[in-house]
Amino acid sequence: MKLTGKVALVTGAGQGIGRGIAEVFANEGADVIVNDISTGEKTDQVAATIRSLGRRALVVQADVSKREDVERMFEEAQELGPIDILVNNAGVETIVPFLDLTDQQWEDVTNINLKAGWMCAQTFCRRAIHEGRKGAIVNIGSIQAARVLPGRTHYAPSKLAIEALTRNISAEVGLNGIRVNCIHPGLIDTPMIRWVLESPEILPQVVAQISLGYPGKPCDIGYAAAFLASDEARYITGQSIYVDGGWAGK
Ligand code: NAD
């Protein structure tokens, strides 16, 4: 097991990729803090799965695009002990033609997809460095860092910028023993993109661009995240990797 004895905080873990990452981490021996903006039945189910694997789980409600929520989340998370791993997964996608996009729509997407990861990483690193602890951060970007889809002039830049965020944070905290990497998922079967999976017109067009010829599962992102967060990746930092069945490279 790659993550035995580690404590991980996964944002947006109530469903989809975040849930997949939380469950793979627990399978690999980690205790997991399950964050989401809305908690209840879904987050309780994730926590129950983690506990059924013999690990500890804690559900913490927080809107990670708000500084005060982020600070409170890290305080409440202390219940499971010092956090070793942060996964910045929470994100939203909207589709709006460039010429119609409003300032508010730009800010809403950018605050959650980019600023939230920056704030969570800063809070995590400040605490870890103050306490003299090492750590690992995994940021979740998107295939749209490399491929154009219509109506995403706000979403795509927020995801490509995560690469720069990853590189720049990694350079400032490397000497403190904190590693920072990024995963760009391709088409992954989650509630966010269910409309694509259920569209007989759009799905074949997208799948035709994927070398392996099928959508991935949340656990596929979980496996890559578990590796990057583990000591097996101890000499990897500042990197971004596509976990996309060969979409970006086709
Ligand atoms: P999803 O919508 O199924 O799940 C996202 C979760 O994040 C939800 O539970 C939601 O409540 C939570 N969340 C949203 N805003 C939040 C906030 N402000 N604070 C805390 N939690 C919040 O989406 P998903 O498909 O699982 O996507 C997860 C991440 O992966 C996102 O960053 C997304 O952009 C990225 N991504 C997904 C795909 C895909 O094909 N599914 C592809 C590329 C990138």
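Below you will find a few notes about this structure. These numbers were taken from a predicted model, which means no experiment stands behind them.

1. Brief notes about the sheet that holds strand S1 (residues 7-10)
- Reading across from one edge, S3-S2-S1-S4-S5-S6-S7 is the order of the 7 strands in this open sheet, with parallel pairing throughout. In the strand order of this sheet, the two ends are held by strand S3 (57-61) and strand S7 (240-243), each with one partner. For this sheet, the mean inter-axis angle between neighbouring strands, taken without regard to orientation, is 20 degrees.
- Sheet analysis places strand S4 (residues 85-88) next to strand S5 (residues 135-140), joined by 4 bridges and oriented parallel. In the sheet register, Val87 faces S5, and the bridge partner there is Val138.
- Together, S4, S5 and strand S6 (178-185) form the strand contacts of helix H4 (residues 103-130), whose direction differs from that of S4 by roughly 170 degrees.
- The strands that helix H5 (residues 155-173) touches are S5, S6 and S7; relative to S6, the one it contacts most, it runs at about 165 degrees.

2. A closer look at the environment of Val64
- Looking at the element boundaries, Val64 is found in the loop between S3 and helix H3 (67-77).
- For the pair Val64 and Gly81, spaced 17 residues apart in sequence, the C-alpha to C-alpha distance is 20 Å.
- In this structure Val64 touches Thr11, Asn35, Val70, Met73, Ala90, Ala116, Met119 and Cys120, once residues within four positions along its chain are discounted.

3. Description of the layout of surface pockets
- Of the pockets and cavities examined, the largest pocket occupies roughly 930 Å³.
- Around the largest pocket, the lining is made up of 47 residues, and of these Glu93, Tyr155, Thr190, Met192 and Ile193 lie nearest the centre.
- Listing elements by their share of the lining of the largest pocket, those giving two or more residues are helix H1 (16-27), strand S2 (31-36), helix H2 (41-52), H5, helix H6 (194-197) and helix H7 (202-207).
- Classifying every residue of the lining of the largest pocket by side-chain character gives 24 nonpolar, 17 polar and 6 charged.

4. Quick notes on the site of the ligand
- In the vicinity of the ligand there are 27 residues, among which Ile17, Asp36, Asn89, Tyr155 and Thr190 approach most closely.
- Between the ligand and Tyr155, the relevant distance is 2.7 Å, taken from an oxygen atom to a side-chain nitrogen or oxygen of the residue.
- Ile188 places a polar main-chain atom, nitrogen or oxygen, 2.9 Å from an oxygen atom of the ligand.
- Computed on the free molecule, the ligand has an accessible area of 830 Å², of which 93% lies beneath the protein chains in the complex.
- In this structure, the ligand is accommodated by the largest pocket.

5. Brief notes about H4
- The largest bend in H4 is about 45 degrees, located at Asn111.
- Where H4 ends, the next residue or the one after it, Gly132, has phi of about 70 degrees, a positive value.

About the cut-offs
Residues numbered from 1 in each chain as written. Predicted model: local features only at pLDDT ≥ 70, side-chain atom pairs only at ≥ 80, totals over all residues. Heavy atoms only, no water. Pairing = 2+ DSSP bridges. Helix = DSSP H or I, 4+ residues; strand = E, 2+ residues; numbered from the N terminus. Axes fitted to C-alpha atoms, helices over the stretch in contact; angles between N-to-C directions. Contact = heavy atoms within 4.5 Å. 1 Å grid on protein atoms, 1.4 Å probe; cavity = no way out; pocket = protein on both sides within 12 Å on 5 of 7 lines; lining within 4 Å. Points joined across faces, edges and corners; volume = space filled by probe spheres on them. Nonpolar A, V, L, I, M, F, W, Y, C, P; charged D, E, K, R; others polar. Near = heavy atom within 4 Å. Polar contact = N/O pair within 3.5 Å; in protein donor to acceptor, adjacent residues only side chain to side chain. Areas by Shrake-Rupley, 256 points an atom, 1.4 Å probe, with all protein chains shown as cover. Sits in = over half its atoms within 2 Å of the grid points. Bend = angle between axes of the 7 residues up to and from the residue.

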